[in-house]
Amino acid sequence: ARTYRSAVFRAQLQHALLDLEAGATVSESFRRRAGWLPKFDIALLHAGERSGRLDATFTMLATYYGDRAAMARKLLSAVAYPLLLIHAALFILPFPDFFRTGDSIAYLSRSVGPLLLLYTLIGVGIFLSQSNRGAAWRSVFEKFVNFIPLVGSGRRSLALGRLAAALEALVNAGQTIHEAWPEAAAACGSPALQSEIAGWRGQFALGRTPAEVIRESAVVPEMFANLYSSGEISGTLDTTLRRLRDYYNDEGSRTLHTAARVWPGVLYALVACYIAYQVISFYAGYFNQVNRVIDGN
C-alpha cells in the first residue's frame, strides 16, 4: 500500500488491511472490494488459503501477470509502426482527390471515418476483455478470440493451467474432488470451461468420478483428460495436476508470445498491400486521364 503508484489501488489496499486487522482472510477482504480484482484471481487465492499455500498462489499470479504485461509491451511496440502507417495512409492517400475537388466531407469520410471505426472496434475489444465484465460479455469475447489463430489457443492453454492450479490447491486443502471442480472452474477465467463443468454436478451426484466425466467432454483437451484420469487412478492426482499446471502455463505463454511476433507482421503486410494498391490505383487513373487527353487531341 505504501509503494504502489496508483492512488486508487493504494486506497483499496488500505481498506483490505483494515479488514485483515478485523480478522478477515485475504480472499474475504479482496472479495469485499467489488470490481477491484478478477473473480478467478480471488477464487485462486481462496484455494491457496485453504491449502496453506498462499505464498505459492501469489507467486503464480505474479508470474502470470508479469508475463502478460511483458507480452503486452512487446505487442504494442511491434504494432506501433503499422498503426503509424495506417494513420499516414488514411490521411495522405485521399488528399489528391481533396486537392482536386475541395470536397472536405468526402475527404473526412475517407480518412477520419475508418479511424473512428478502428478505434471503436479496439474500444469494444478492450471493454469485453476486462476480467470484471459479466459472464455473458466474457463468453462473447472468448468465442470471438477463439477464432483468432495462436491467440485463441494460447488463452485456452492459460485457462487450463489456472484450472489445474486451482484443483491442486483445493485438493491439497482437503476439499473433496467433486466440490473442487466447480470452484476451480470459477478460478480458471474461461466461461466455456465454467459452463461445461457446472453441468457435471448431476453426473457427480450419480456417483461418477471426474475422470469418467472428463473423458466425454468436448471442451477439455484429450491430453488433459488422459493425464488427469491416470493421476486419479494411480493416486498421484496432486503431482499430475502440478504437471498439467506447468505444461499449460508454459504452452499458453509460448503461444501468445509467438502471436505477439506473428500478428504485427501480418498487420504490417496488410497495410503495405493497402498502400501499394492505393498508389497503383492513383497512377493508373492518372495515366488513363493522360491517355484520354492525348487521344482527344
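Cut-off values and rules
- Residues numbered from 1 in each chain as written.
- Predicted model: local features only at pLDDT ≥ 70, side-chain atom pairs only at ≥ 80, totals over all residues.
- Heavy atoms only, no water.
- Helix = DSSP H or I, 4+ residues; strand = E, 2+ residues; numbered from the N terminus.
- Expected span 1.5 Å × (residues − 1).
- Buried < 20%, exposed > 50% of the residue type's maximum accessible area, 1.4 Å probe, protein only.
- Arc of directions from axis to C-beta.
- Polar contact = N/O pair within 3.5 Å; in protein donor to acceptor, adjacent residues only side chain to side chain.
- Core = buried A, V, L, I, M, F, W, Y, C linked by side-chain atoms within 4.5 Å.
- Contact = heavy atoms within 4.5 Å.
- Salt bridge = Lys/Arg side-chain N within 4 Å of Asp/Glu carboxyl O.
- Phe/Tyr/Trp six-rings, centres within 6.5 Å; stacked < 30°, edge-to-face > 60°.

Asker: What's the story with helix 1 (residues 7-21) in this structure? I'm lost.
Answerer: Because each turn of an α-helix spans 3.6 residues, side chains separated by three or four positions end up pointing in the same direction. Look at helix 1: 21 Å from first C-alpha to last across 15 residues, which is about the 21 Å you get at 1.5 Å a residue. Within the sequence span of helix 1, burial applies to Q12, L13, A16 and D19. Each buried residue of helix 1 sits inside an arc of 110° when the element is viewed along its axis, so together they form one side. Turned more than 90 degrees away from the buried face of helix 1, the exposed residues are L18 and E21. Positive phi shows up at G23, right after helix 1, with a value of about 105°.

Asker: What is the right way to look at the environment of R215 in this model?
Answerer: Assignment of secondary structure puts R215 in the loop between helix 12 (210-214) and helix 13 (222-234). Owing to a relative accessible area of 48%, R215 belongs among the partly exposed residues under this scheme. In the structure, R215 is positioned 50 residues away from A165 in sequence and 19 Å away in space, judged by C-alpha atoms. Within polar-contact distance, the side chain of R215 engages the side chain of S229 at 3.1 Å.

Asker: Hey, could you run me through the nonpolar core in this one?
Answerer: Where a protein is soluble and globular, its nonpolar side chains tend to be buried together. In terms of nonpolar packing, the biggest core is built from 44 residues, with L163, W181 and F224 touching the most fellow members. Dropping the residues within four chain positions of it, F224 is found in contact with L160, L163, A164, W181, I214, L244 and Y248.

Asker: What am I meant to see in unusual backbone geometry here?
Answerer: Excluding glycine, residues mostly carry a negative phi; peptide bonds, for their part, are mostly trans. Unusually for a residue other than glycine, L150 sits at a positive phi of about 70°. Locating L150 in the fold gives a position in the loop between helix 7 (135-146) and helix 8 (151-172).

Asker: Please explain the pattern of salt bridges as it appears in this structure.
Answerer: Any two side chains of opposite charge can pair, so long as their charged atoms come close to each other. This structure, assessed with the given rule, holds eight salt bridges. For R33, the salt bridge identified is with D19, shortest N-O distance 2.5 Å. Taken together, the positions of R33 in the loop between helix 2 (26-32) and helix 3 (39-51) and D19 in helix 1 put the pair 14 residues apart, joining distant regions of the chain. The exposure class of R33 is buried, given its relative accessible area of 15%.

Asker: Any chance you could explain helix 3 here in plain terms?
Answerer: Helix length check: helix 3, at 13 residues, gives a terminal C-alpha distance of 19 Å against a target of 18 Å (1.5 Å per residue), a fit within 8%. What helix 3 keeps buried is the set F40, D41, I42, A43, L44, L45, A47, G48 and S51. Tucked into the core, helix 3 has its buried residues touching helix 2, helix 4 (54-92), helix 8 and helix 9 (177-188). Phi for G52, located one or two positions after helix 3, is positive at around 75°.

Asker: So what exactly am I meant to see when it comes to the packing of aromatic side chains here?
Answerer: Here the distance between the centres and the angle between the planes together describe a pair of aromatic rings. Counted by the stated rule, this structure contains seven aromatic pairs. Where Y247 meets Y248, the ring centres are 5.0 Å apart and the plane angle is 80°; that geometry is what we call edge-to-face. Y248 gets classed as buried once you look at its relative accessible area, which sits at 5%. What links up through ring pairs into an aromatic cluster is the set W181, W200, F204 and Y228.

Shape descriptors only; they carry no functional weight alone.
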